[in-house]
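# Chains, contacts and geometry: an overview
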Amino acid sequence: MQFIETRGNDGVKAKEVSFSEAILSPITSFGGIYVPQSIPKFDIAFLEKHKNSHYKTLALDVLQSFEIDIDEATIKEALNRYDDFDDPSNPVPLTKIEEDCFVSELYHGQTRAFKDMALQPFGYILAKEAQKRGENYLIMAATSGDTGPATLETFKNQKNIQVACLYPYGGTSDVQRLQMVTEEAENLKVIGVHGNFDDTQNSLKELLASEDFKAELEDRNIKLSAANSVNFGRIIFQIIYHLHSYLELVRQNEITMGENVYLVVPSGNFGNILGAYYAKKGGLPVEKLLLASNVNNILTDLIDKGEYDMSSRELIQTESPAMDILKSSNVERVLFDKFGAERTKELMELLNTTGKYTLTADELVLIQEDFEATYSDDDECEAYIAKYYAKQGYIMDPHTATCMKSYEQSTPKNLKTIVYSTAEWTKFSTTVAKALGQSEISTDTEALEWIKNNTSEVVPPMIDGLFSKEIKHATIVHTDGIKDEMLKFL
Ligand SMILES: *Cc1c(COP(=O)(O)O)cnc(C)c1O
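Bear in mind that the values here come from a model prediction, so they are computed numbers and not experimental data.

## Quick word on the overall build of the chain
- For the chain, the helix and strand inventory stands at 22 helices and 15 strands.
- Here the C-alpha coordinates of the chain stretch approximately 60 × 50 × 50 Å along the principal axes.
- Taken across its 490 residues, the chain has 60% of its residues classed as buried.
- Within the chain, contacts between residues at least 6 apart in sequence are counted, and of these 75% link residues at least 24 apart.
- Each charge class in the chain can be summarised by its mean position, and for the 48 positive and 76 negative side chains these summaries are 3 Å apart.

## Describing the site of the ligand
- Near the ligand you find 15 residues, and of these K115, D146, G268, N269 and T422 are the closest.
- Here F270 contributes a backbone N or O atom positioned 2.9 Å from an oxygen atom of the ligand.
- Tallied by class, residues from the shell around the ligand come to 6 nonpolar, 7 polar and 2 charged.

## Considering the sheet that holds strand β7 (residues 188-193)
- Overall, parallel pairing links the 5 strands, which are arranged β8-β5-β6-β7-β15 in an open sheet. The sheet is open, and its two borders are formed by β8 (222-225) and β15 (476-477), each paired with just one other strand.
- Bridge count between β7 and β15: 2 bridges; the pairing is parallel. Looking across to β15, one finds that V193 is bridged to V477.
- Those strands touched by helix α6 (residues 147-155) are β5 (136-142), β6 (161-168) and β7, and its axis lies near 165° from that of β6.
- Here helix α22 (residues 482-489) sits on the sheet in contact with β5, β6, β7 and β15, set at roughly 165° to β7.

## Description of the sheet that holds strand β14 (residues 416-421)
- A sheet is described by the order of its strands in space; here 6 strands give the open sequence β3-β4-β14-β9-β10-β13, paired in mixed fashion. Two strands lie at the open edges of the sheet, namely β3 (94-98) and β13 (371-375), each paired on one side alone. Neighbouring strand axes in the sheet, compared pairwise and without regard to direction, differ in orientation by 25° on average.
- As paired elements, strand β10 (residues 286-293) and β13 share 5 bridges and run parallel to each other. Looking at the pairing, L290 lines up with E372 of β13.
- Against the sheet, helix α11 (residues 237-251) makes contact with β3, β4 (101-105), β9 (261-266) and β14, and its axis sits at roughly 135° relative to β14, the strand it touches most.
- Of the strands in this sheet, β9, β10, β13 and β14 are in contact with helix α12 (residues 271-282), which crosses β10 at around 170°.

## Brief notes about the packing of aromatic side chains
- The final tally for this structure, using the stated rule, is 14 aromatic pairs.
- Pairing F270 with F371 gives two aromatic rings, centres 5.7 Å apart and planes at 45°, and the pair type is tilted. Taken together, the residues span a long stretch of sequence, with F270 in the loop between β9 and α12 and F371 in strand β13 at a distance of 101 residues.
- Residue classification places F371 among the buried positions, given a relative accessible area of 2%.
- Look at Y277 and Y278: their rings are 6.0 Å apart centre to centre, the planes differ by 50°, and that puts the pair in the tilted class. Here the two residues Y277 and Y278 agree in accessibility, since each one is buried.
- Three or more aromatic residues joined by ring pairs make a cluster, and in this case those are F3, F19, F42, F46, F66, F232, F270, Y277, Y278 and F371.
- When the ring centre of F30 is taken as origin, the NZ or CZ atom of K345, which lies over that ring, is 4.4 Å away.
- A cation over a ring is seen here: K405 above Y375, with NZ or CZ 5.6 Å from the ring centre.

## Observations regarding the nonpolar core
- Residues F66, F237, L243 and Y357 are the most contacted members of the largest nonpolar core, which totals 141 residues.
- The contacts of L243, once residues within four sequence positions are left out, are F42, F46, L47, L58, V62, A279 and L284.

## Re the environment of V17
- Secondary-structure assignment places V17 in the loop between β1 (3-5) and α1 (19-24).
- Residues V17 and F3 lie 14 residues apart in sequence; the distance between their C-alpha atoms is 5.2 Å.
- If we ignore the near neighbours within four places in the chain, the residues touching V17 are Q2, F3, A22 and Y34.

Parameters at a glance
Residues numbered from 1 in each chain as written. Predicted model: local features only at pLDDT ≥ 70, side-chain atom pairs only at ≥ 80, totals over all residues. Heavy atoms only, no water. Helix = DSSP H or I, 4+ residues; strand = E, 2+ residues; numbered from the N terminus. Buried < 20%, exposed > 50% of the residue type's maximum accessible area, 1.4 Å probe, protein only. Contact = heavy atoms within 4.5 Å. Lys, Arg positive; Asp, Glu negative; His and termini not counted. Charge placed at Lys NZ, Arg CZ, Asp CG, Glu CD. Near = heavy atom within 4 Å. Polar contact = N/O pair within 3.5 Å; in protein donor to acceptor, adjacent residues only side chain to side chain. Nonpolar A, V, L, I, M, F, W, Y, C, P; charged D, E, K, R; others polar. Pairing = 2+ DSSP bridges. Axes fitted to C-alpha atoms, helices over the stretch in contact; angles between N-to-C directions. Phe/Tyr/Trp six-rings, centres within 6.5 Å; stacked < 30°, edge-to-face > 60°. Lys NZ or Arg CZ within 6 Å of the ring centre and 35° of its normal. Core = buried A, V, L, I, M, F, W, Y, C linked by side-chain atoms within 4.5 Å.

These figures come from the coordinates and say nothing about function on their own.
This is the structure:
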């Protein structure tokens, strides 16, 4: 299958490209992104076929149904990355927390956040493609905490790939920072930046756009790629676990094949819920996709009112930082799917020039056919964490907690609900400790220790071991020092 551009074609770039081209060079005409020409069928017949499939078997079939130009052996090797998850026989466990509510745990990989689900196999495929073509790629990421560790982890020691991660110094949790600065490999660079996440991200954008830096890369024979969720190579892996979680419900005799379910997805850049949208479009029996966000509720406004307005908002720091996002890149793929390239280009241009766009009433109806949205503030999240711990002994992270309001308020029909858990509590332990009444605890070490000693939770070795690992990346610079550091590294 070929991949096409969300904002149409400029007559210079190729009108359509293969999967491997779309993942190596994800930028398209007019600043759009790539989407598949069509969505394969993930209907009852497909699901029946995989009723008893291992996750990797299902995954292989999903990838091959997109007819991607990656050979089967490479896909299989990429999928073997799931063997490093806690339970290789089932990398994504589904846990019952209410009679009709189940948590799909997407965080059982190395960095304890759902980013591993896609970045692990995606990184392998991207590196193999680069090696096959004999090309060298630089991947740069600005991270507020979860993307950085997962990106470093997947590309470490991969030939033909160099990775640089920029993080706001003081703006991540201790665990997230240590996950990055203790990574040791020749091809990795981690730079702390004085400033907040926006400053970090903006200086990265400036650097990547500067002709000067581009020339330096060209001199060194290095191309630029991207591992953020505008890369369809990540989205394709985010369709699989929605199908898998549905099949788990069937296997656990909680639903019969074909029964509709609600899916609740804590959302920021809209990649996770986009995977769910594609699964639904392919035929997965989903009643509604329920989007959960925090007080940066720009997506809630889009789905409730058809308004996407960045111009009247300031980003607010919350206890669910992976969802502190105003410019949510993957919404564009739904706009394209529903309204076509011309309208998508128009809306995205409005967003760039005025900071906002508004859907027509008819367009909003089409969005609401698939989506519904809620948001929770930090106090509500803490209350949900406390509630489900008290009630079920289940500890969830603050991102997952934003989903519980959707479950309690937006699932009117007598149907089962799947809530996606995007991070292990260990990544946000001070917030969890606070929710459990320990508001005086201020560091991750104390919080991990307290929760370990006072609940039945365990701290996995990859988190526990971080505090005694040697720091490999001590570089901390002001935004104007990033370029020099990068040139030294390259
Ligand atoms: C990245 C992330 C999200 C948001 O996912 P999107 O695909 O960007 O919507 C939510 N929770 C956690 C913990 C994350 O790391």
